[in-house]
Amino acid sequence: MLQQFGFTQYESQIYQALISADQPLDATGIVKLSAVPRSKVYEVLHRLAEKGIILETTVEKKRLYTALPVESVISRLKADFETSVQELREAAVKKPVADDRVWTLKDNHSILSLLEEMLGRAERKIIISAWGDDLEKYAELLEEKHESGVSIHVHSIGNIETSLPSVSVLIPDKHHETLERSRIAIIDEEEMLFAGMEAGKWNAITTRSRPLVKFFAEFFYHDVALTEITQKYKDTIMEDKAVRDVLLKLRY
């Protein structure tokens with residue numbers, strides 16, 4: 001019950017036993033209902049009392065315990081969480097001096113969160129390439145950045161509804177068999193993030209390395225150029241098998 005909030009298994013078991021009982025319990029009763037070893041029960045009860053999760057009393061020389069009501073525990077956990085969040089904010093330090101190290105990041109939610117944070121602090125220019133359903137998550141933010149004067153350049157795989165003026169759209173068809181989901185974001189020509197799928201999981205790299213930032217910016221415009229060329233001369237390209245086969249091996 002409480003393990004997902006940082007409590008130990010024994011702490012969770014004892015709280016579960018106390019909240020389920022219809023009367024206060026002594027140590028013997030807790031051992032029976034919680035399956036926590038007798039050798040550990042007093043230690044765990046002490047920790048729970050220190051955390052304010054249980055109440056204690058002594059009746060006729062017998063120590064009794066009962067659980068803090070669930071709603072009170074929830075309020076306490078929420079307060080702890082807000083305190084931790086505030087401490088994290090206050091502990092934030094100034095951004096380190098830029099370097100050329102390449103950092104890796106896993107987990108799709110973490111990658112999306114970092115991408116949003118990067119977009120949010122862009123001051124001059126944003127270059128971004130992703131699938132349309134990914135870009136939809138950031139459409140409003142990108143439009144706000146555009147209104148504030150930030151130059152926005154978008155390459156979308158699949159349709160996207162946006163008022164942004166500089167958007168290149170590739171509509172995948174049956175010929176794009178090797179097309180894989182990916183994301184590229186370049187912020188102020190100083191920082192980049194590239195994310196792709198590997199064995200069904202998202203992995204990303206991010207860096208301020210000037211050569212890599214420049215490389216991925218050129219990679220972006222490579223995709224935009226191929227999209228525009230393919231759309232304009234699609235019938236001619238698809239009739240030439242040699243050209244078509246080479247073209248469709250490219251990433252875009």
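Above this text you will find the structure in question.
Residues numbered from 1 in each chain as written. Predicted model: local features only at pLDDT ≥ 70, side-chain atom pairs only at ≥ 80, totals over all residues. Heavy atoms only, no water.

### Comments concerning the overall build of the protein
- Across its full length, the protein carries 10 helices and nine strands.
- When each of the 252 residues of the protein is scored for burial, the buried share is 37%.
- A separation threshold of at least 6 residues defines the contact pool for the protein, and within that pool the share at least 24 residues apart is 56%.
- Carbon together with sulfur atoms contributes 54% to the accessible area of the protein, which is approximately 15,600 Å² in total. (Helix = DSSP H or I, 4+ residues; strand = E, 2+ residues; numbered from the N terminus. Buried < 20%, exposed > 50% of the residue type's maximum accessible area, 1.4 Å probe, protein only. Contact = heavy atoms within 4.5 Å. Areas by Shrake-Rupley, 256 points an atom, 1.4 Å probe, with all protein chains shown as cover.)

### Examining the environment of E161
- Looking at the secondary structure, you find E161 in the loop between strand 5 (151-157) and strand 6 (167-170).
- For E161, a relative accessible area of 70% gives the class exposed.
- Sequence separation of E161 and L135 is 26 residues, and the distance between their C-alpha atoms is 9.4 Å.
- Those residues in contact with E161 that sit more than four places away from it in its chain are E136, A139 and E143.

### Let's talk about the packing of aromatic side chains
- Within this structure, the stated rule accounts for five aromatic pairs.
- Relative to Y221, the ring of F220 lies with its centre 5.0 Å away and its plane at 85°, an arrangement referred to as edge-to-face.
- One aromatic cluster in this structure is built from F194, F215, F216 and F219.
- Residue placement shows R183 over the ring face of W202; its charged tip is 3.6 Å from the ring centre. (Phe/Tyr/Trp six-rings, centres within 6.5 Å; stacked < 30°, edge-to-face > 60°. Lys NZ or Arg CZ within 6 Å of the ring centre and 35° of its normal.)

### A word on the nonpolar core
- Core analysis: the biggest nonpolar cluster contains 24 residues, and L119, I126, I128, L142, I152 and V154 have the highest contact counts within it.
- Looking at this core, the elements with two or more residues in it are helix 5 (108-120), strand 4 (125-131), helix 7 (139-147), strand 5, strand 7 (182-187), strand 8 (191-198) and strand 9 (201-207).
- If you tally residues by element for this core, the top one is helix 5, at five residues.
- If you look at the next biggest cluster of nonpolar residues, it comprises 21 residues, including L18, Y65, A67 and V73. (Core = buried A, V, L, I, M, F, W, Y, C linked by side-chain atoms within 4.5 Å.)

### Here's the deal with the packing of helix 5 against helix 7
- Across the interface, helix 5 lies against helix 7 with an axial gap of 10 Å and an inter-helix angle of 15°. In terms of orientation, helix 5 and helix 7 fall into the roughly parallel class. Viewed along their axes, helix 5 and helix 7 form a crossing whose handedness is left-handed. Residues E116, L119 and G120 of helix 5 pack against L141, L142 and K145 of helix 7. (Axes fitted to C-alpha atoms, helices over the stretch in contact; angles between N-to-C directions. Parallel < 35°, antiparallel > 145°, perpendicular 65-115°, else oblique. Left-handed = near helix turned anticlockwise from the far one by under 90°.)

### Overview of the side chain of T206
- With respect to the helices, strands and loops of the structure, T206 is situated in strand 9.
- Residue class for T206 comes out buried when judged on its relative accessible area of 12%.
- Within the structure, T206 has its side chain in polar contact with the backbone oxygen of M192 (distance 2.9 Å).
- Not counting residues up to four positions away in its chain, the partners in contact with T206 are R101, V102, W103, L114, M118, E191, M192 and L193. (Polar contact = N/O pair within 3.5 Å; in protein donor to acceptor, adjacent residues only side chain to side chain.)

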